[in-house]
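# Topology and contacts: notes
Chain residues, written in single-letter form:
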Amino acid sequence: MGINTAAAIAIHNFPEGLATFVATLADPSVGATLAIAIGIHNIPEGLCVALPIYYATGSRWKGFLWGILSGVSEPVGALIGYLVIKATGDDMNQLVYGILFGLVAGMMVMIVVLELLPTAYKYDSTDRFVTNCVVLGMVVMAVSLCLFKA
């Protein structure tokens, strides 16, 4: 269970690293805000990996190590973004930024559509909460975008 979670979170972290890197190049203040937000949400992700491994093995060290390993894909995503941008020879190539942001957006949307929503409906088969919570999440994001718009 813990290793499966580690693999899933590693796959999930890859586009986050890419998005953080590209956002930082486009606007350092946005990149810093995104890095802080992602860093905060990585804490429970690390626990989701470490705790099952700790309970399965009794080893805190193994739980910690797998938690760290699941997060390594984030800097790998950033490194790939760096290599792609440097390969173009122009750090501010708008087409490359557009392609990278589109790629990250597509990855995240597919994770939501193919994994998160079906899993949520699996645990709330009568849809008492899922749809309302999805809409509430959209409202929270819309309000935060309006409040913090530069």
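A short tour of the structure in this document, coming up.

Quick notes on the rules
- Residues numbered from 1 in each chain as written.
- Predicted model: local features only at pLDDT ≥ 70, side-chain atom pairs only at ≥ 80, totals over all residues.
- Heavy atoms only, no water.
- Disulfide = S-S within 2.5 Å.
- Axes fitted to C-alpha atoms, helices over the stretch in contact; angles between N-to-C directions.
- Helix = DSSP H or I, 4+ residues; strand = E, 2+ residues; numbered from the N terminus.
- Parallel < 35°, antiparallel > 145°, perpendicular 65-115°, else oblique.
- Left-handed = near helix turned anticlockwise from the far one by under 90°.
- Contact = heavy atoms within 4.5 Å.
- Nonpolar A, V, L, I, M, F, W, Y, C, P; charged D, E, K, R; others polar.
- Polar contact = N/O pair within 3.5 Å; in protein donor to acceptor, adjacent residues only side chain to side chain.
- Buried < 20%, exposed > 50% of the residue type's maximum accessible area, 1.4 Å probe, protein only.
- Patch = residues over 30% accessible without salt bridge, like charges linked within 9 Å, V, L, I, M, F, W, Y side chains within 5 Å.
- Areas by Shrake-Rupley, 256 points an atom, 1.4 Å probe, with all protein chains shown as cover.
- Salt bridge = Lys/Arg side-chain N within 4 Å of Asp/Glu carboxyl O.

A word on the state of the cysteines. Summed over the entire model, instances satisfying the criterion amount to zero disulfides. Between Cys133, a cysteine without a disulfide, and Cys48, which holds the nearest cysteine sulfur, the sulfur-to-sulfur distance is 18 Å.

Attention shifts here to the packing of helix α2 (residues 28-57) against helix α3 (residues 60-71). The N-to-C vectors of α2 and α3 enclose an angle of 150°; their axes lie 8 Å apart at closest approach. In terms of orientation, α2 lies roughly antiparallel with respect to α3. Crossing geometry of α2 relative to α3 is assigned as right-handed. On α3, the residues touching Gly46, Val49, Ala50, Ile53, Tyr54 and Thr57 of α2 are Arg60, Lys62, Gly63, Phe64, Trp66, Gly67 and Ser70. Its residues assigned to classes, the contact of α2 with α3 shows six nonpolar, five polar and two charged.

Its location among the elements puts Glu16 in helix α1 (residues 2-26). In this structure the C-alpha to C-alpha distance between Glu16 and Tyr82, which are 66 residues apart in sequence, comes to 14 Å. Setting aside residues up to four positions removed in sequence, Glu16 forms contacts with Ile38, His41, Asn42, Glu45, Glu74 and Met108. Looking at Glu16, its side chain comes within polar contact range of the side chain of His41, at 2.9 Å.

Note that Ile40 resides in helix α2. In this structure Ile40 comes out as exposed when scored by relative accessible area, which is 56%. As a C-alpha pair, Ile40 and Leu147 span 107 residues in sequence and 20 Å in three-dimensional space.

A contiguous nonpolar patch, built from Ile3, Trp61, Phe64, Leu65, Trp66, Ile68, Leu69, Val72, Val76, Ile80 and Val84 and spanning about 990 Å² of accessible area, is present on the exposed surface. The set of elements that each furnish at least two residues to the nonpolar patch consists of α3 and α4 (73-88). Note that Ile68 resides in helix α3. The exposure class assigned to Ile68 is partly exposed, which follows from its relative accessible area of 44%.

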